[in-house]
Every structure is written in C-alpha cells, then in structure tokens.
Amino acid sequence: MRTQVAIIGGGPSGLLLAQLLHRKGIDTVLIERKTREYVLSRIRAGVLETGFIELMRLAGVAERLDRECLIHDGTLFALDEEIFHVSFTQTTGRPVVIYGQTELTRDLYDAREAAGAKIFYQVEDAEIHDADTQKPYLTFTAGGEATRIDCDFIAGCDGFHGISRKTIPLDVRQEYEKVYPFGWLGVLSETPPIDEELIYSCSQRGFALCSMRNRQLSRHYIQCPLSDHPEDWSDAAFWDELKRRIPQQYADRLVTGPSIEKSIAPLRSFVTEPMRWGSLFLCGDAAHIVPPTGAKGLNTAASDVHYLYHALCEHYLEKSSRGIEEYSARALARIWKAERFSWWMTMLLHRFPEQTEFDLRMQRAEIAFLRENESARRVFAENYVGLPY
Ligand code: RFL
Ligand code: PHB
C-alpha cells in the first residue's frame, strides 16, 4: 500500500492532521494500536484555546463543538478561604472553550469515517523504517495480516509511549525532563459544576481543581501522593477531601454524586529535540508532555498539528520545503513557552514534600501579586488563552 503521509496514532493529533490534509486533497493512512472505543474511553483534557477551535473549523469538524461548547471569560483562583477572579477577555480579548477531548475525538473519528478514511485499528508490532531517507515505510500487523505502507512522510502522533520518538537515534535526540513528586486524582461525575468557571485552589492540604465538561458533567481533581491508587479513594473520601481544599462558601454548595470515572495521572514536564528526523515528524505527546495545571497538553498538540499541516501543504501544493525544514524550530519555540507556563502554574499551586516556610511564603506572595496586579493578570491570561501560533 502507498500513501503520501502515514500517520501513527489515532489520538487528537493524528486524527486532526489526517482530517486537515484530507480537505487539501493530501492522502493519508492512519494506524492506531487500540480500538476507537478504547481511545474514546480515556478521560483527558477539557479546556481548548481558540487556536484549537480555528483548526477544528478549518478541518470542517466544529459544528457540534460550536453548538455545545461552553465559553469561559476567565477563571477563579482560591488561596485557602480567599477567592478572586482573573478575566481572560478583559486583557486579551479572547476566552477559552470547554469541550471534552472525548467529544472532539469522537467528532474527528466520525468525520474521518464519513470520508471513507483508511484507518487500521488494533495494529501490533508497528515499526518505522528508513525514516532518515526520502523513501520511508511502516510495517505492522493488523487483523493477523502483515502490512507495509510506503509513503513520503511519517507523522509520529503516537503519544508519550509510542514508537516514533524512540526511532530517532540517541546521538541525534536530546530529552529534557522534570518529574513532580505527586499526581492528580481525577473524578468525573454527572453533577452540575460548582461555578460557571473553573476554580484553581491552593490550600494547606494541597491543590484542587473544580472543572467541568458541560452543565451536567463535572471534572474535579485533587493533588495526591504518587503511591495512592484510585481504588484507595472511595467517592465519599474524595468529596470530603475536595471540600476541605476549597473555600467554605463553595464547599457548601458542591453537589456530589457517584463517580463515573476515577484515575490518577502523574505530573511530568518533558520535551524532546529535534521534532523532525528526515521524513519523520513528531507531533503532540510523542514529543512533549506538560503537567495538566495550565491545561496545555492538548493545546500544544494542536499547535504542532498547525505547523505540520502548513509545512505539508507548502510541500505538496506550493512545492516549497521551507515549512518542513523549519517545522521543528517553529513548533519547539512555542512548546517551550507552554512548558514554562505549565511548570510555573504547577510550582505556584501545589504542596511539595520538601517545601519550607519560606517557599510557602513565596507562593502566597506570588498569588497575592496576581490578585492585585493587572500586569501579572494580563501575563497569566495571555498564556492561558494561548500564545499566537
Ligand atoms: P494521545 O492522545 O496519547 O494519542 C496517541 C495515540 O497513539 C496510539 N499509539 C499507537 N498507535 C499505533 N501504533 C503504536 N505503536 C502506537 N503507540 C501509541 C495510542 O493508542 C493513542 O491513541 O496523543 P496526542 O494525539 O498527541 O494528544 C495529546 C493529548 O491526548 C494530551 O496532550 C492530553 O490529553 C494531555 N492531558 C491533558 N491535557 C490537558 O490539556 N488537560 C487535561 O486535563 C489533561 N489530562 C492528559 C490528561 C493526559 C493524560 N495521559 C496521557 C496519561 C490526563 C491523562 C491521564
Ligand atoms: C480538565 O477539565 O480536565 C482540566 C481543566 C483545566 C486543567 C486541567 C484539566 O488545568
């Protein structure tokens, strides 16, 4: 089998890239290790930058998103019993959009399947060959059959545990990593959100976040030790701890209910350089990870897709290799800024094991500065709504 762009990974990065290229008449084949149902069962991101929405519109898949999403003009910060609002729109003119990763992935799968896309599910033993040449190819097994795809380019959209990044030789690849000494215990529940907007809470007992997917579906998180397991946390224990980490007036009006999903995610900052090796491009979590505190994971994947989509269009439609040559540098320039913001927000709001009284005072002073200073709020808002592509 032959295609122009072979895409590894049927998460949001791979699907969005495939759909955008399809609209420009560029042929793709996508392979995914799991089933579509499995990919859709993973509960992940919920906050989208407007740049992501523009890409979804360009891909022709924003109809349901535009209809069902929630628009947030700002967010709330709590420091123990104090709470304050930071507006995004007042300083940047842009809001953020609430629409779950599950829903947008479903929209992308529906669009790809309606277009008769070539997607192989449940592939095994995928391998990348000759990525440093102009004749790369993929081999894998699907439905018990060994398959080979020859192509011009390979997009490695296969997440942090995929094969693409590891295909780049160690003497070419440089990795940067910071692992945080705690995780986030997340609970999804069919309950109304506590407020119109998100609440990021820094409390003596650790970080908490009140988020949502829609007006009937809430997503809450609490910082927890990495040694904890979701089974250790009954629903009652989770709600109890969450209430102790948010201001009393909000705890009093929290509507609790049975969890429909409960999981613990470790927190990590990670970047690999370069993001291109010959004909292989890394995209999304395959190249970088952020801690979820700044809601940047999915949004950085989208900016990679933007640069790679334009690079491939320039190659096929304008016969220019400039976008391809510059892909890695362009993508990384934005990634590092999102890494900085996510790291900053993580350091600002969590409790750390070795934290001294001095460190705690630094956190409190920085949060107070954010509350009081318009320039600080503007810097926060510009980063949160997303830096320009
Ligand atoms: P994904 O979504 O991981 O998709 C990669 C896909 O590649 C497949 N795959 C392979 N397919 C074929 N052959 C192979 N050898 C393969 N190896 C892997 C996988 O099955 C998978 O379907 O990466 P993508 O598309 O780059 O999208 C990135 C986003 O998913 C990610 O950045 C965010 O979800 C990160 N993230 C969050 N981001 C936020 O902005 N807010 C959040 O609240 C948030 N929560 C999360 C998260 C990531 C999590 N992970 C990865 C553990 C919570 C969790 C638990
Ligand atoms: C979420 O709704 O899952 C979410 C929102 C904001 C974050 C992280 C996760 O910073």
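If you're wondering where the values come from, they're calculated on a predicted model, not measured in any experiment. (Residues numbered from 1 in each chain as written. Chains lettered and ligands numbered in written order. Predicted model: local features only at pLDDT ≥ 70, side-chain atom pairs only at ≥ 80, totals over all residues. Heavy atoms only, no water.)

Further remarks concern helix α8 (residues 235-244). Every buried residue of α8 is accounted for by Phe 238, Trp 239, Glu 241 and Leu 242. Around the axis of α8, the buried residues are gathered within 165° of arc, so they sit on the same side. The elements touched by buried residues of α8 are β13 (174-189), β15 (206-214) and β16 (217-224). (Buried < 20%, exposed > 50% of the residue type's maximum accessible area, 1.4 Å probe, protein only. Helix = DSSP H or I, 4+ residues; strand = E, 2+ residues; numbered from the N terminus. Arc of directions from axis to C-beta. Contact = heavy atoms within 4.5 Å.)

Now for the pattern of salt bridges. Evaluated as defined, the whole model comprises 31 salt bridges. With a closest N to O distance of 3.2 Å, Lys 118 and Asp 27 form a salt bridge. With Lys 118 in strand β8 (residues 118-120) and Asp 27 in the loop between α1 (12-23) and β2 (28-31), this residue pair connects regions lying 91 residues apart in the sequence. For Lys 118, a relative accessible area of 35% gives the class partly exposed. Taking the relative accessible area as the measure of exposure, Asp 27 reaches 28% and is therefore partly exposed. (Salt bridge = Lys/Arg side-chain N within 4 Å of Asp/Glu carboxyl O.)

Take the sheet that holds strand β10 (residues 137-142) next. Read across the open sheet, the three strands follow the order β9-β10-β11; overall the sheet is antiparallel. Looking at which strands have only one partner, the edges of the open sheet turn out to be β9 (124-129) and β11 (145-150). Going across the sheet, the axis of each strand differs from the next one's by a mean of 15°, ignoring polarity. (Pairing = 2+ DSSP bridges. Axes fitted to C-alpha atoms, helices over the stretch in contact; angles between N-to-C directions.)

Enumeration over the complete set of coordinates arrives at 25 aromatic pairs. Ring centres of Tyr 307 and Tyr 389 lie 6.4 Å apart, and the angle between their planes is 50°; on these two criteria the pair is classed as tilted. Of this pair, Tyr 307 sits in helix α10 (residues 297-317) while Tyr 389 is found in the segment after α13 (374-385), placing the two residues 82 residues apart along the sequence. The class for Tyr 307 is buried, based on a relative accessible area of 12%. In this structure Tyr 389 comes out as partly exposed when scored by relative accessible area, which is 30%. Look at Phe 341 and Tyr 384: their rings are 6.4 Å apart centre to centre, the planes differ by 80°, and that puts the pair in the edge-to-face class. You can see Phe 341 sitting in helix α11 (residues 322-349) and its partner Tyr 384 sitting in helix α13, a full 43 residues away along the chain. As far as burial versus exposure is concerned, Phe 341 and Tyr 384 are alike and both buried. Residue placement shows Lys 34 over the ring face of Tyr 38; its charged tip is 4.6 Å from the ring centre. (Phe/Tyr/Trp six-rings, centres within 6.5 Å; stacked < 30°, edge-to-face > 60°. Lys NZ or Arg CZ within 6 Å of the ring centre and 35° of its normal.)

Lining the immediate surroundings of ligand 2 are 13 residues, of which Tyr 200, Ser 211, Arg 213, Tyr 221 and Pro 292 lie closest. With respect to ligand 2, the side chain of Arg 213 contributes an N or O atom lying 2.7 Å from an oxygen atom. Within the backbone of Pro 292, a nitrogen or oxygen atom sits 2.8 Å from an oxygen atom of ligand 2. In isolation ligand 2 exposes 280 Å². Once the protein is present, 97% of that is buried. Broken down by element, the shell around ligand 2 gets its largest block of residues, three residues, from β15. Each of two domains, domain 1 (5-72 + 96-177 + 268-347) and domain 2 (180-267 + 351-385), supplies a minimum of three residues to the shell around ligand 2. (Near = heavy atom within 4 Å. Polar contact = N/O pair within 3.5 Å; in protein donor to acceptor, adjacent residues only side chain to side chain. Areas by Shrake-Rupley, 256 points an atom, 1.4 Å probe, with all protein chains shown as cover. Domains from an automatic or database assignment.)

Attention shifts here to the packing of α1 against α10. Their axes nearest at 9 Å, the elements α1 and α10 cross at an angle of 30°. Relative to α10, α1 is oriented roughly parallel. Classified by chirality, the crossing of α10 by α1 is right-handed. From α1, Pro 12, Ser 13, Leu 16, Leu 17, Leu 20 and Leu 21 reach across to α10, where they touch Leu 298, Ala 301, Val 305, Leu 308, Tyr 309 and Leu 312. Considering only residue class, the contact of α1 with α10 consists of 11 nonpolar, one polar and no charged. (Parallel < 35°, antiparallel > 145°, perpendicular 65-115°, else oblique. Left-handed = near helix turned anticlockwise from the far one by under 90°. Nonpolar A, V, L, I, M, F, W, Y, C, P; charged D, E, K, R; others polar.)

This part is about the site of ligand 1. Neighbouring ligand 1 are 29 residues; Ser 13, Glu 32, Arg 42, Gln 101 and Asp 285 lie closest to it. Within the contact set of ligand 1, an oxygen atom lies 3.2 Å away from a backbone nitrogen or oxygen of Gly 297. Its free accessible area being 1,000 Å², ligand 1 has 85% of it covered by the protein chains. Of all the secondary structure elements, the ones that give two or more residues to the shell around ligand 1 are α1 and α10. When grouped by side-chain class, the residues that make up the shell around ligand 1 number 12 nonpolar, nine polar and eight charged.

The next thing to look at is unusual backbone geometry. A cis amide bond, omega -5°, links Glu 273 with the succeeding residue Pro 274. Here Gln 122, not a glycine, exhibits a phi torsion of approximately 50°, which is positive. For Gln 122, a relative accessible area of 48% corresponds to the partly exposed category.

In short, geometric facts, not functional conclusions.
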